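Given next are the chains, with one letter for each unit.
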Number of protein chains: 2
Amino acid sequence: MAVTPAAVRDAATTLFAEKGYHGTALSEVAAHLGIRTPSLYNHMRSKQELLAEIVLDTSQQVWAEFGAAVDGRADVVDRLREAARVYALRHATHRREALIVNRDVASLAEPVLSQVLDLRRRHERAVRALIAEGVAQGRLAAEDPRTASFGLLEMCVSVARWFSPDGALSAQDVAEQYSDFALRVAGLRDPD
Amino acid sequence: MAVTPAAVRDAATTLFAEKGYHGTALSEVAAHLGIRTPSLYNHMRSKQELLAEIVLDTSQQVWAEFGAAVDGRADVVDRLREAARVYALRHATHRREALIVNRDVASLAEPVLSQVLDLRRRHERAVRALIAEGVAQGRLAAEDPRTASFGLLEMCVSVARWFSPDGALSAQDVAEQYSDFALRVAGLRDPD
DNA sequence: CCTACCGATCGGTAGG
DNA sequence: CCTACCGATCGGTAGG
């Protein structure tokens, strides 16, 4: 199989997720592809750029998926449920990227670090606003929308740490269960 | 201030939490203490042993705290609430250790790695058993105790990622809120 | 895609 | 507690 920039990035994604950014040597990425370390530089600029691409792309996709999830839904509980569902689903289906984002974000250089933190902040605030709106409408009973948004988002993130595609539950099953969990955390009295 | 084994470990805990195990050089640990790298070896055996001690001690304390939390409580919902409360509280008050355990456990060598994974597995299964017992008694409505135990425990773990002692909420406040979240995830219909 | 090689830095030891 | 130093490995470059 031909080595391409995408193949290098995929190998790096697997290894960074397994051993961490600093715990992975480029020689290991090269060995995973069956080439020598210097040959990697035909397909990438640096180890740092590899990390930056993986983390920034993932963070942008999370934000885009949130927008698509809430767009066109009138009911605030439906919007929150769908936002939690796609977030949990992503963490079951893109486990490697999720582990890297949450483990190695501090190893990013500027300006990418700020971009990623900004996207994450926007996402959290948007979810917090949904919870606050639900409370204002009397649909949710969260006493502190900020703590609830942290709790429910990070719970969805953690799916990446235990989910296995070989288990009894599909990614969709888990995402459904977690969207129920999320609504309960936000204080929905009678989930479904 | 005299450099002691405890001081070396504390400096390593701060730096490992900040930059990761592989991202931290022993020269940084030494600089943090105002000494040269070789002098560290008067107070420790190796970088790996430093990590092993931090992670194993923390994991053993988690298991001991769980035992103390459920011991002597008759009501299964009370036991689950208290187990979640002490777990969340620990992740607010021992943030550095929690971040290291969850980020660098894969960098551990045997036999400590197996010991830590075993302690973690016992904790999860004990929580899962509490949920199952609550369901059997009709007190909880979790449809899948395993998924619920993962969700609720990992939610508590994530406190270490956002909590700040300088914020408006105390560690105790957050632990109280999270123990409510945990019971809701487990399907308690009318949390307090 | 390779070999050959660079300076820097790593964890750790010798010896005092 | 230090200086001096070890072999190994790191990310990356030269040059083909």
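Residues numbered from 1 in each chain as written. Chains lettered and ligands numbered in written order. Predicted model: local features only at pLDDT ≥ 70, side-chain atom pairs only at ≥ 80, totals over all residues. Heavy atoms only, no water.

Glancing now at the side chain of A:Asp180. In this structure, A:Asp180 sits in helix α9 (residues 171–185). Dropping the residues within four chain positions of it, A:Asp180 is found in contact with A:Arg81 and B:Glu143. (Helix = DSSP H or I, 4+ residues; strand = E, 2+ residues; numbered from the N terminus. Contact = heavy atoms within 4.5 Å.)

The UniProt record marks residues 2–62 of chain A with the feature "domain: HTH tetR-type" (unreviewed entry), using the residue numbering of this structure. Taken end to end, residues 2–62 of chain A comprises 64% helix and 0% strand; its first and last C-alpha atoms sit 30 Å apart. (UniProt positions renumbered as here; feature names shortened; annotations may be inferred.)

Okay, the protein's contact with DNA strand D next. Around DNA strand D, the structure places 15 residues, and the nearest of them are A:Tyr41, B:Arg36, B:Ser39, B:Asn42 and B:His43. Near-protein atoms of DNA strand D (within 4 Å) split between backbone and bases, with sugar and phosphate holding 64%. Between DNA strand D and A:Thr24 there is a distance of 3.3 Å, counted from a phosphate oxygen to a backbone nitrogen or oxygen. The separation between a base nitrogen of DNA strand D and a polar side-chain atom of B:Asn42 is 3.4 Å. (Near = heavy atom within 4 Å. Polar contact = N/O pair within 3.5 Å; in protein donor to acceptor, adjacent residues only side chain to side chain.)

Taken together, the contact between chain B and chain A spans 32 residues of the former and 32 residues of the latter. Both faces considered, chain B and chain A share a buried interface measuring about 2700 Å² in area, 54% of it formed by carbon and sulfur atoms. Here A:Glu154 makes a salt bridge to B:Arg161, at a shortest N to O gap of 2.1 Å. Taken together, chain B and chain A are joined by eight residue pairs in polar contact (both at pLDDT 80 or more). Among the secondary structure elements, those contributing two or more residues to the side of chain B that touches chain A are α1 (5–19), α5 (95–104), α7 (145–157), α8 (159–162) and α9 (171–185) of chain B. Looking at the side of chain B that touches chain A, the element that brings in the most residues is α7(B), giving eight residues. Classifying every residue of the side of chain B that touches chain A by side-chain character gives 12 nonpolar, eight polar and 12 charged. (Buried area = accessible area lost by both parts, 1.4 Å probe. Salt bridge = Lys/Arg side-chain N within 4 Å of Asp/Glu carboxyl O. Nonpolar A, V, L, I, M, F, W, Y, C, P; charged D, E, K, R; others polar.)

Counting 78 residues, the largest nonpolar core has A:Ile131, A:Tyr178, B:Ile131 and B:Tyr178 as the members making the most contacts within it. Setting aside chain neighbours within four positions, we find B:Tyr178 in contact with A:Thr147, A:Phe150, A:Gly151, B:Ala88, B:Met155, B:Cys156, B:Ser158, B:Val159 and B:Trp162. (Core = buried A, V, L, I, M, F, W, Y, C linked by side-chain atoms within 4.5 Å. Buried < 20%, exposed > 50% of the residue type's maximum accessible area, 1.4 Å probe, protein only.)

Around DNA strand C there are 15 residues in total, and A:Arg36, A:Ser39, A:Asn42, A:His43 and B:Tyr41 lie nearest to it. If you look at DNA strand C and keep only atoms within 4 Å of the protein, 64% of those are sugar or phosphate atoms. In the model, a phosphate oxygen of DNA strand C is placed 2.9 Å from a nitrogen or oxygen of the B:Leu26 main chain. For the surface near DNA strand C, a count of residues per class yields seven nonpolar, six polar and two charged.

A full pass over the atoms with the stated rule returns 32 salt bridges over all chains. With its nearest N and O atoms 3.0 Å apart, the salt bridge here joins A:Glu133 to A:Arg79. Pair noted here: A:Glu133 is in helix α6 (residues 112–136) and A:Arg79 is in helix α4 (residues 76–93), with a separation of 54 residues, a long-range link. Take A:Glu133: its relative accessible area is 28%, and that puts it in the partly exposed class. Among the salt bridges present, the one from B:Arg9 reaches B:Glu53, with a minimum N-O distance of 3.8 Å. Placement of the pair is B:Arg9 in helix α1 and B:Glu53 in helix α3 (residues 47–70), with a sequence separation of 44 residues. Through salt bridges with shared partners, one network takes in A:Arg9, A:Glu53 and A:Asp57.

As a further point, take the domain arrangement of chain A. All names here are of chain A. For chain A, the assigned domains are domain 1 (1–44) and domain 2 (47–185). For domain 1 and domain 2, the distance between their C-alpha centres works out to 28 Å. With 16 residues of domain 1 in contact, the opposing surface of domain 2 contributes 14 residues. A combined buried area of about 1500 Å² lies between domain 1 and domain 2, and 61% of that area is made up of carbon and sulfur atoms. At the boundary of domain 1 with domain 2, the tally comes to three salt bridges. Our enumeration of links across domain 1 and domain 2 arrives at eight residue pairs in polar contact (both at pLDDT 80 or more). Element by element, the count of residues in the side of domain 1 that touches domain 2 is highest for helix α1 (residues 5–19), at 10 residues. For the side of domain 1 that touches domain 2, a count of residues per class yields seven nonpolar, five polar and four charged. (Domains from an automatic or database assignment.)

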